[in-house]
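# Chain and residue survey
Each chain, letter by letter, is given below.
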Amino acid sequence: MRIDILTLFPDMIGAVLGESVTGRALKKNLFELNLVDIRDYTLDKHRRVDDYPYGGGDGMVMQAEPVYNAYNAVKSEKSRFFYLTPHGKTFNQAMAKELSEEEHLIFLCGHYEGIDQRVIDLLKPEEISLGDFILTGGELAVMPVCDSILRLLPGVLGNETSMVEESFENNLLEYPQYTRPEEFMEKRVPEVLLSGHHKNIEDWRREKSLEVTLRKRPDLLKNAELSKKDKEFLEKLKKSLAKDELV
């Protein structure tokens, strides 16, 4: 996979994606990362890429031409082009999986008060967002998006099977995790996890995953893959929680 990121602050992105899991994968050539400085594509001798908005108002707007030129310098027939913007569809794990199967991704990071709408209309990027809040620039949004995609590539994670049990897999949150010591501040690790009984541990983890999802993100359950046993457990848990609220 190749990822091109059109940005005004390439060093910011490189500092994050060049570290930890993605950094090791980059050194192993498991993916290609190209940070494109939009300033390199302006004709202004001072490398200026922004100007005052027509119609007045606070702030500055990124000009169309540098963005247009930067995109055309890296695009290919296999490219999918994305713009990080609050106007976009909220990014999620399903989208991360979909994009991890692409050969070439291009991301455009906005800044200041935004980008001249004409270049958006001309290039027609797919618009994605992290959620209903505002960041100072698209760089802060593109890094978690790329991280979520890259960790799904073969060989990037040391333990490929761990992804199957992570949060949002099958629309469920992950079960609680514990490690040594067995007791901390008078709180012990659940005995089932110390039993060595794999079936009991598997059942406990499944029930805890269902419980955590019901308590914290019940909206996910409507699209979760639930067995008859799962549904029966959830019904009992709902009745128990309702009874506790009445006490």
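What comes next concerns the included structure. (Residues numbered from 1 in each chain as written. Predicted model: local features only at pLDDT ≥ 70, side-chain atom pairs only at ≥ 80, totals over all residues. Heavy atoms only, no water.)

Here the focus is the side chain of S148. Mapped onto the elements of the fold, S148 is located in helix α6 (residues 139-150). Within the structure, the side chain of S148 is placed 2.7 Å from the backbone oxygen of V145, a separation counted as a polar contact. Non-local contacts of S148, meaning those with residues more than four positions away in its chain, are made with F91 and A96. (Helix = DSSP H or I, 4+ residues; strand = E, 2+ residues; numbered from the N terminus. Polar contact = N/O pair within 3.5 Å; in protein donor to acceptor, adjacent residues only side chain to side chain. Contact = heavy atoms within 4.5 Å.)

Let us now look at the pattern of salt bridges. In total, this model carries 21 salt bridges according to the counting rule given. Two residues, R47 and D40, come together in a salt bridge whose shortest N-O distance is 2.9 Å. For R47, a relative accessible area of 35% translates into the label partly exposed. Between R188 and E183 there is a salt bridge, and its shortest N-O distance comes to 3.9 Å. By relative accessible area, R188 is classed as partly exposed at 41%. Connected via shared salt-bridge partners are R80, E98, E102 and E126. (Salt bridge = Lys/Arg side-chain N within 4 Å of Asp/Glu carboxyl O. Buried < 20%, exposed > 50% of the residue type's maximum accessible area, 1.4 Å probe, protein only.)

Once that is clear, we can look at the layout of surface pockets. Taken as a whole, the largest pocket spans an internal volume of roughly 550 Å³. For the largest pocket, the lining is made up of 25 residues, of which Y83, L84, T85, P86 and G114 are closest to its centre. Of all the secondary structure elements, the ones that give two or more residues to the lining of the largest pocket are β5 (79-90), α5 (117-123) and β7 (126-129). Among the elements that line the lining of the largest pocket, the one with the most residues is β5, at 5 residues. Taken together, the residues of the lining of the largest pocket break down into 12 nonpolar, 11 polar and 2 charged. (1 Å grid on protein atoms, 1.4 Å probe; cavity = no way out; pocket = protein on both sides within 12 Å on 5 of 7 lines; lining within 4 Å. Points joined across faces, edges and corners; volume = space filled by probe spheres on them. Nonpolar A, V, L, I, M, F, W, Y, C, P; charged D, E, K, R; others polar.)

Turning our attention to the sheet that holds β7. Where strands meet in a sheet, backbone hydrogen bonds hold them as pairs that are either parallel or antiparallel. Taken in spatial order, the 5 strands make up an open sheet running β2-β1-β6-β5-β7, and their pairing is parallel. The open sheet has two edge strands, β2 (32-37) and β7, and neither has a second partner. Across the sheet, the mean angle from the axis of one strand to that of its neighbour is 30°, orientation sign disregarded. Pairing between strand β1 (residues 2-7) and β2: 6 bridges, direction parallel. For I5, the partnering residue across the bridge sits in β2 and is L35. Packing against the sheet, helix α1 (residues 10-17) makes contact with β1, β2 and β6 (104-109), and its axis sits at approximately 160° to β2. Packing against the sheet, helix α3 (residues 64-74) makes contact with β1, β2, β5 and β6, and its axis sits at approximately 165° to β1. (Pairing = 2+ DSSP bridges. Axes fitted to C-alpha atoms, helices over the stretch in contact; angles between N-to-C directions.)

On to α1. Among all positions in α1, only P10, I13 and L17 are buried. Along the axis of α1, the buried residues cluster in a sector spanning 70°; they form a single face. Those residues of α1 that are buried are in contact with β1, α2 (20-27), β2, β6 and α6. (Arc of directions from axis to C-beta.)

Let's shift gears to the nonpolar core. I5, F91, F107, I128, V142, C146 and I149 are the most contacted members of the largest nonpolar core, which has 26 residues in total. Looking at this core, the elements that each hand over two or more residues are β1, α1, β5, α4 (93-99), β6 and α6. Excluding its chain neighbours within four sequence positions, the residues that come into contact with F107 are I3, D4, I5, L6, F82, L84, I128, V142, V145, C146 and I149. Membership of the second largest hydrophobic core comes to 19 residues, among which are L6, L8, V36 and I120. (Core = buried A, V, L, I, M, F, W, Y, C linked by side-chain atoms within 4.5 Å.)

Turning our eyes to something else, we now look at the state of the cysteines. One pass over the structure, following the stated rule, counts 0 disulfides. Looking at the unpaired C109, the closest cysteine sulfur is the one in C146, lying at 8.0 Å. Judged by its relative accessible area of 0%, C109 falls in the buried class. (Disulfide = S-S within 2.5 Å.)

This part covers the side chain of R80. Within the secondary structure, R80 sits in strand β5. Given the relative accessible area of 18%, R80 is considered buried. At a separation of 2.8 Å, a polar atom in the side chain of R80 contacts the side chain of E98.

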